[in-house]
Structure formats: C-alpha cells, structure tokens
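Spelled out from the first residue to the last, the chains are:
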Amino acid sequence: MKIGAAALVLLGCNASAFVIPTRPATRANAMSSLSMVLEMPKQKKKISKLETLKVKSDHLIEPLKQQLTTEEIGISKDAYQILKYHGSYQQSNREIRGKKDFQFMLRLKQPAGELPADLYRLLDDLSAKMGQGDLRATTRQCFQMHGIMKGNLKTVISSIMNIGSSTVGACGDVSRNVMTTPAPFDTPEYNYAREYSKVFAHLFRPMTPAFSEIWLDGEKAASVETWSKEVAHHNVDQVMTHDNGRGIVLNDSVEPLYGDRYLPRKFKIGVTVPGDNSLDIYTNDIGCVVICNDKGELEGFNVMVGGGMGRSHNKESTFARAADHLGFVPKEDIMEVLKAILASQRDHGNRDVRANARMKYLVHTLGIDNFKTLVESYFGKKIAPWKPMAEWKYNDWMGWWEQGDGKLFYGLHVDNGRVKDEGDFRLKSALRVLVDKYNLSMILSPTQSLIFRDIDPKDKAGVEAVLAEHGIKPLEEVDPLNRLAMACPALPLCGLAQTEAERIVPDYLARIRSLLNKMNIPEEEILIRMTGCPNGCARPYMAELGFVGDGPKSYQVWLGGSPVLTRTAWPFRAKMPTDKMEETMEPILAMFIEQRQQFEAFGDFCHRVGADGIEKYSGSYKLGSVKA
C-alpha cells in the first residue's frame, strides 16, 4: 500500500503530482486520524532526467570526478548539475561572441553570514590570484567568487575547506546557507538565533564523501567546519540519524535524511528573533523565530513553512509565496520537527516538474492545516499553536551600534554586494586593511552588505578613517533608495538572465530619485528590488516596488509588497520598456501623493488601493500634472 499517496488523496490532492515512497506500518497507524483506509494502485512513474542523474551519481561523485580530469576548459551538462552541490556554477561571458570561455562561480556556505578574519584574507587572496579580482556578497549572507578557471577549482575549494569553511550545499537540491538576522547583539535571543542557525546547517549538511574525495583526494580537511565545532554540544550527528520509526530516516547509509535522490529542489531555512525581519523570513521553506521566557531562557521556536520566490514568466502554475505559520515547537523537539518537515518535502514534493518542485507548492496544494497534519504524521506528536510575539520591523543594521557587551558593530553599505576596487573607490582594499589592522570578523547581511563586529570603541575613529581614505562614503551620504535596494548579478555571467539588473539598477534608482524630487517628495524611501529574470534571487516579489526582467531592456513591474517584508507584491505591468519607466511610475506616485494616509508607506498604499484603483487612476492621469 502506498500510504503517502492515500494520505494526499484524503487531503484533497492529486497523488500523481507527487513522488510517493512506501511508508512503514507505524506511520500508517499514525495517519489513522485522517481515516487512512484507502488503497492506492501502484503507479509506475517516469522520473525526470535530473532525478535519474542524482541516483547514478554515486552520491554526487560522478560524472564530475571524471570530468575534472579532462583537458577541456569546461565540463559536461551532467557534471555541471552535480557540481552545483559542491557549491559551484559553470558560466560563460554572454557578451563575448564565438567559442564559450567557460569559467566557474564559487559560492561559500556561511551559516549566520559569519566570516572570520582569516577566511576573508584567504578569499581576498584567492579572488585576486585565481578569480576576476572581486567578491560578491549574496542575498543569502555568503560570498561568491567569479572567474575561476577549471584548473584552479580544486586549489580554491580545498583551500577554503582546509581553513574551516565550506562550499558544500551552497547550491543544489539540499538545504542551502542558513540565514539569520545579521545584528550581532549580545542578548539571549540574538545569541540563540545565531547558535541555532549553525545547528540547522549542521543537521542538514550532505553526508556524502564526494566532497573530500574530489577536492581533498580522499583526505580529511585540515580543519573542521568552524560552525560545526561551535554546536558540537548539541549532539547534532546523533539527532540526525535518530530514527523514530515514522519514515523520517531512510535506509541509506550515506545520506540518512536525503537518500540518493536528495530533495526535489533547493531548501532554504532562516532564523530570527521576534520583531526582526531583516532577513525576509517569509521567503524561506522554513522560518524559525526564537521564543524566550522573561528570564531570557530559550523555550522554543515559532515555525513557518512554504515561502519561496522563484517563478516562470507566462506559467500561472508558478508563483512567489510568503510562508504560512505552522506553529510553536519546544526547543527539545525543534530538530526532530525540522527533520519531519524536510521528510514531508522529500517524500511528497514534485519530482516530475522542477518548476513546481519547491516546498511552497506542496504547502499551497495541501493548505497549511493539512500540511501540518502531514508533518505531525512523521513527527508523531501534535504541533502547538503559534505563540503571540512582537510585530515585525525591518532594519538593515547599517551604521554604528552598541553590541551590548562593551563592543561596537558597524554596518557598511555595499551597492549590490559587489566588493571591488575601481578608481578612487577601493572597497576591497579597505576591507583587507581593516581585517589586517584590527583582526575584525564580518557578518554578511541579507541585503548584500557587510557588518564588522566586535569593534573596540577606541578603534571607531580609526575604522572610519580607513574607509574615508579608500573612497567609501559615510552612511549618511548614501541615498536611502540605494541603501534599501537589491539587485541580482544578471548579465553578463548568469545563464538565466533575460536582461540587466546589477549594472542598470544604479541608473534606475537615480531616475526614480529624480522623479521623486520633481514630484516634491524628495525624502520618500521606497524599498526597490530588481532581477534580470523571474527566478527572484534578489527577492523582488517582497519589495514595495519590484522590477523583474522579462526580455532585453524590459521589466515587469510589481507593486504592493510590505515595507516590513511580510507579504508578496502583485504584478502591475507585464512589460515595461526601460525608457518608459518614468511614464509608468509618475501616475502611481501622483496617486500616492494625493491619496496616501498619514505615515502610510508606498507598499502599504499600493496594497490598500489595489491594481484596479491604480490602473484607473493611471489611465486618466496627465503626465507632468504634479510638479515641485
């Protein structure tokens, strides 16, 4: 009997849309509360080519291992798919005609965004010697390095592994880099958020020996991953393999949680504290919020599920989605519940159509109550209701702050995450000077910027002097539009990009600022995000104003996201040529000026009046009606 399939039928779902494994009888008994009495006929399903490739890869070893030994400058398509699990993407410069100039982008795994000083020194050196000379802070709190040649990949990856870091699971159908609020406050809640982000990263790390076999010639890394050592007291390894008999742990000696097919698609986790939504918590497959008692002792976590940004143009079956509240989980059960959630997606997520493979589609199809029942069937206990907590606020944590332990931290804004030296602007050199002079560690922020932590107050003036000497603007001189904005790299290296993002967003922001000035609202702050394709890496669907690339010099316009990042926006324009941006935005801003409520943010206004209201107003608006 296909127990999982019967459960989905009773939950009102089309079982053929999901991959269903046989569940143990103990779990069938646990599902009796759903009147699990249906018998499902066996259906032989044709799995996708990528699923077959994962099975044949011998837990992510082949054909990558063989392809890395060839004289070719690139690797095969199959090897490339496996390489993603090792933290790298094969790319080529799409603006160069003729033969492909294959190069590789490498992404680190940095739970909680933490970057020790010695690791930055290594990345700075490697990017200069074996990359394209810069680094890029991503929207998931880790660095990417571009321009690595195939022959240098092993040196770069092994160097990173041997210093106590990793690229494992930075890409691929596994748990990605675990995010948290970047603010390094020394309070119980913030300390727990950082701690458990590392616990969850360690819990869901791939266990295959492929990484050491390929990059370290089968030897152990010279240093254990830093975050793994920090959470050793949680006995995560034992918790990972603990089998409650309900089908969470698989009969796979290499990958007890993932199996030989890993997950249907990437899996993202975020951790924060009540009120702090600096990380876009609702965009994750799992979001965990630290809940402490009045004494600052950890009680457990409010857990949300089913967020995700990726979608495809002209495919209504794909969509961005904000997570739903699942409930409260005591601290002693949190790892087991997260294992149950992962198992629910592993066993019931869509493995036939990758565009619908993220867990958000499973949660959407089942509904949050039925998804909760499914998770409870693996977990073996009921999940308690969500606990009331502080309202969400958004803060990027830029500028100077007291940590709470006598030290300071400083948030340094980085336009679109690009750490480089260019003319008088020498950010990359400035970071190296600060790291070498003060031995400072960094935290990468969810908004592509950086935070220096543990700064001695007596060094504050020195830090500011170093930044000024390298042409770095003080925070008060950064336009709020730029400070709030994000953009993905897009062209020329991203193979999915349909148009520009990082390289054109400065022009868009300057034009919008000019328009705001013209309309006599020069102090207005709007959270704007841009991507070169609909996959949503810069999370444009949560922004107050999102531009999503749909073709050369053309963008969709999305409106109505929350300024505190708790809901998705909606599409206002399916296609806006770049030269029509002012023509599109002026009527919307005019309506905002005329009809906004007191202290109402732009995104909240658009959400309140809706697409029809804005469309009607725009249709009757005469350009140039509002002037300073």
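Residues numbered from 1 in each chain as written. Predicted model: local features only at pLDDT ≥ 70, side-chain atom pairs only at ≥ 80, totals over all residues. Heavy atoms only, no water.

K.L.:
Got a minute to help me understand the domain arrangement of the protein in this structure?
P.N.:
Where interface size is quoted, it is often the accessible area lost as the parts come together. When the domains of the protein are assigned, the result is domain 1 (87–171 + 397–478), domain 2 (173–395) and domain 3 (482–620). Taking only C-alpha atoms into account, the centre of domain 2 sits 31 Å from that of domain 3. On the side of domain 3, 21 residues touch domain 2, which itself brings 17 residues to the contact. Here domain 2 and domain 3 share an interface that buries about 1500 Å² over both sides, 61% of which is from carbon and sulfur atoms. Its largest share of buried area at the contact with domain 3, domain 2 owes to Arg311, His313 and Tyr394, together 40% of the area lost on that side. (Domains from an automatic or database assignment. Contact = heavy atoms within 4.5 Å. Buried area = accessible area lost by both parts, 1.4 Å probe.)

K.L.:
It is not clear to me how the pattern of salt bridges should be interpreted in this structure. Could you clarify?
P.N.:
For side chains of opposite charge, pairing can occur when their charged atoms come near one another. Scanning all chains against the criterion turns up 44 salt bridges. In this structure, the salt-bridge partner of Arg346 is Asp347, at a minimum N-O distance of 2.8 Å. Summarising the burial analysis for this pair, Arg346 and Asp347 share the class buried. A single network of salt bridges, built from pairs that share partners, joins Glu51, Lys54, Asp173, Arg261, Arg351 and Arg354. (Salt bridge = Lys/Arg side-chain N within 4 Å of Asp/Glu carboxyl O. Buried < 20%, exposed > 50% of the residue type's maximum accessible area, 1.4 Å probe, protein only.)

K.L.:
Just checking my understanding: could you explain the nonpolar core for this structure?
P.N.:
It is characteristic of soluble globular proteins that their nonpolar side chains tend to be buried jointly. Grouped together as the largest cluster of nonpolar side chains are 121 residues, with contacts concentrated most on Phe143, Phe200, Val303, Ile334, Ile341 and Phe371. The leading source of residues in this core is helix α12 (residues 334–348), at eight residues. Taken domain by domain, this core gets at least three of its residues from each of domain 1 (87–171 + 397–478) and domain 2 (173–395). By size, the runner-up hydrophobic cluster in this structure holds 41 residues, among which are Met519, Ile528, Met576 and Phe592. (Core = buried A, V, L, I, M, F, W, Y, C linked by side-chain atoms within 4.5 Å. Helix = DSSP H or I, 4+ residues; strand = E, 2+ residues; numbered from the N terminus.)

K.L.:
What is the right way to read the UniProt feature "domain: Nitrite/sulphite reductase 4Fe-4S" (unreviewed entry) in the protein from this model?
P.N.:
The feature "domain: Nitrite/sulphite reductase 4Fe-4S" (unreviewed entry), as annotated in UniProt, sits at residues 212–382 in this numbering. The straight-line gap between the two end C-alpha atoms of residues 212–382 is 40 Å; of that span, 29% is helix and 15% is strand. (UniProt positions renumbered as here; feature names shortened; annotations may be inferred.)

K.L.:
Help me understand the sheet that holds strand β10 (residues 324–330) in this model?
P.N.:
Strand pairing in a sheet takes place through backbone hydrogen bonds and is either antiparallel or parallel in direction. The five strands are arranged β6-β7-β8-β9-β10 in an open sheet whose pairing can be described as mixed. Each of the sheet's edge strands pairs with one partner strand only, and the pair in question is β6 (179–180) and β10. Here strand β9 (residues 298–305) runs beside β10; their pairing, made up of six bridges, is antiparallel. Paired with Asn302 across the two strands is Phe328, which belongs to β10. (Pairing = 2+ DSSP bridges.)

K.L.:
It is not clear to me how the sheet that holds strand β4 (residues 135–137) should be interpreted in this structure. Could you clarify?
P.N.:
Reading across from one edge, β1-β2-β5-β4-β13 is the order of the five strands in this open sheet, with antiparallel pairing throughout. At either end of the open sheet lies a strand with only one pairing partner, and these are β1 (88–91) and β13 (418–419). Each of β4, β5 (143–148) and β13 touches helix α6 (residues 117–130); the most contacted strand, β5, lies at about 20° to it. (Axes fitted to C-alpha atoms, helices over the stretch in contact; angles between N-to-C directions.)

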